[in-house]
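# A look at the structure
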Amino acid sequence: MTRIIFILGALISFSTFGKFGYDKSFIDFKLDTLKLYDQSRQREIPIAIYKSTAPISKKQEVVIISHGYGQNKGGDYLAYSYLTEFLASKGFFVVSIQHELATDSLLPLTGNPQVVRRPFWERGADNILFVIHELKKTNPDLNYNHITLIGHSNGGDMTALFPQKYPNIVEKVITLDNRRMTLSKTKKVKVYSLRSSDQPADEGVLPTEKEIKKYKMKIVKLANTTHNEMDDNANDTQRKEIQNYILTFLND
């Protein structure tokens, strides 16, 4: 175990190495699990970083992943491995954030979600911003002109909120079945969303057909994937479909 001191807090690092195959080829990648600390909010932010150990011919683009609601059990930032490992294998610098801590209040299950859950999404957006700032200090050679946020469910709501709260920082947002937070309607950020076959979004969350055309958004319904099958519960066919769509969005 190594300990590194940041200006704004402490970081504890653990590293493992992996080798995963996709499309009959593979790229070695390294996984680092770190604990950042935001001194201004007195908050620990665990993250997992997936990055290729093979030479990359250009500046790596950053992808930040926010997990769905995990009832504060912890370890959710290590989920969605079928996405994190796949995207690392494609040369992206992937960061997955643990948004929930054991000491946090549980997500409210009653009341207007847009009101009672907003503070949780705000906290998630603040976590994302802090991670971006720390990455710029420790990994200055990454391509920060092309940052993409990906989030599932409650993490998708955080992802949808981020460019509204902090404009002009990320290039793209990709939500996996966010259901509560309205997607941005702007030409300043590219918006994509994969929708489940079983869970409808709240009224006003998704754009109209006119808005989709105006803002060049891409909204895709997955006919054979439910809301709860977008994390590691996805089968091989579902994983491949989601991977292909996300890679297409990233290359758009």
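Keep in mind that what you see is a predicted model, and the values were worked out from it rather than measured.

Before going further, it helps to examine the packing of aromatic side chains. Evaluation of the coordinates by the stated rule reveals 4 aromatic pairs. Taking the centre distance of 6.1 Å and the plane angle of 45° together, the rings of Phe-29 and Tyr-50 count as tilted. Of the two residues, Phe-29 sits in strand E3 (residues 25–38) while Tyr-50 sits in strand E4 (residues 43–52), which places them 21 residues apart along the sequence. Each member of the pair, Phe-29 as well as Tyr-50, carries the same accessibility label: buried. Cluster of aromatic residues (ring-pair linked, three or more members): Tyr-192, Tyr-245 and Phe-249.

Quick look at helix H1 (residues 81–89) now. Burial within H1 is extensive, with 9 of its 9 residues counted as buried. Looking only at H1, the buried set comprises Ser-81, Tyr-82, Leu-83, Thr-84, Glu-85, Phe-86, Leu-87, Ala-88 and Ser-89. Phi turns positive, to about 95°, at Gly-91, one or two residues after H1.

Positive phi values are uncommon outside glycine, yet Tyr-80 reaches one of about 60°. When you line up the elements, Tyr-80 lands in the loop between strand E5 (61–66) and H1. Relative accessible area serves as the criterion here: at 5%, Tyr-80 is assigned to the buried category. Of note, the phi angle at Asp-177 is positive, near 60°, even though the residue is not glycine. Along the chain, Asp-177 turns up in the loop between strand E8 (172–176) and strand E9 (190–195).

By size, the foremost hydrophobic cluster in this structure holds 35 residues, and its most contacted members are Ile-47, Ile-64 and Val-95. Every element with two or more residues in this core is listed here: E3, E4, E5, strand E6 (93–97), helix H3 (118–138), strand E7 (143–152), helix H4 (154–165) and helix H5 (209–215). Counting residues per element, this core draws most heavily on H3, at 8 residues. Sequence-distant contacts of Val-95, defined by excluding residues within four places in its chain, comprise Ile-47, Ala-48, Ile-49, Val-63, Ile-64, Ile-65, Val-131 and Leu-135. By size, the runner-up hydrophobic cluster in this structure holds 27 residues, among which are Ala-48, Phe-92, Val-220 and Ile-246.

Residues Lys-187, Lys-190, Lys-210, Lys-214 and Lys-216 make up a contiguous surface patch of positive charge. Mapped onto the elements of the fold, Lys-187 is located in the loop between E8 and E9. Note on Lys-187: relative accessible area 66%, which makes it exposed.

Parameters and conventions
Residues numbered from 1 in each chain as written. Predicted model: local features only at pLDDT ≥ 70, side-chain atom pairs only at ≥ 80, totals over all residues. Heavy atoms only, no water. Phe/Tyr/Trp six-rings, centres within 6.5 Å; stacked < 30°, edge-to-face > 60°. Helix = DSSP H or I, 4+ residues; strand = E, 2+ residues; numbered from the N terminus. Buried < 20%, exposed > 50% of the residue type's maximum accessible area, 1.4 Å probe, protein only. Core = buried A, V, L, I, M, F, W, Y, C linked by side-chain atoms within 4.5 Å. Contact = heavy atoms within 4.5 Å. Patch = residues over 30% accessible without salt bridge, like charges linked within 9 Å, V, L, I, M, F, W, Y side chains within 5 Å. Areas by Shrake-Rupley, 256 points an atom, 1.4 Å probe, with all protein chains shown as cover. Salt bridge = Lys/Arg side-chain N within 4 Å of Asp/Glu carboxyl O. Lys, Arg positive; Asp, Glu negative; His and termini not counted. Charge placed at Lys NZ, Arg CZ, Asp CG, Glu CD.

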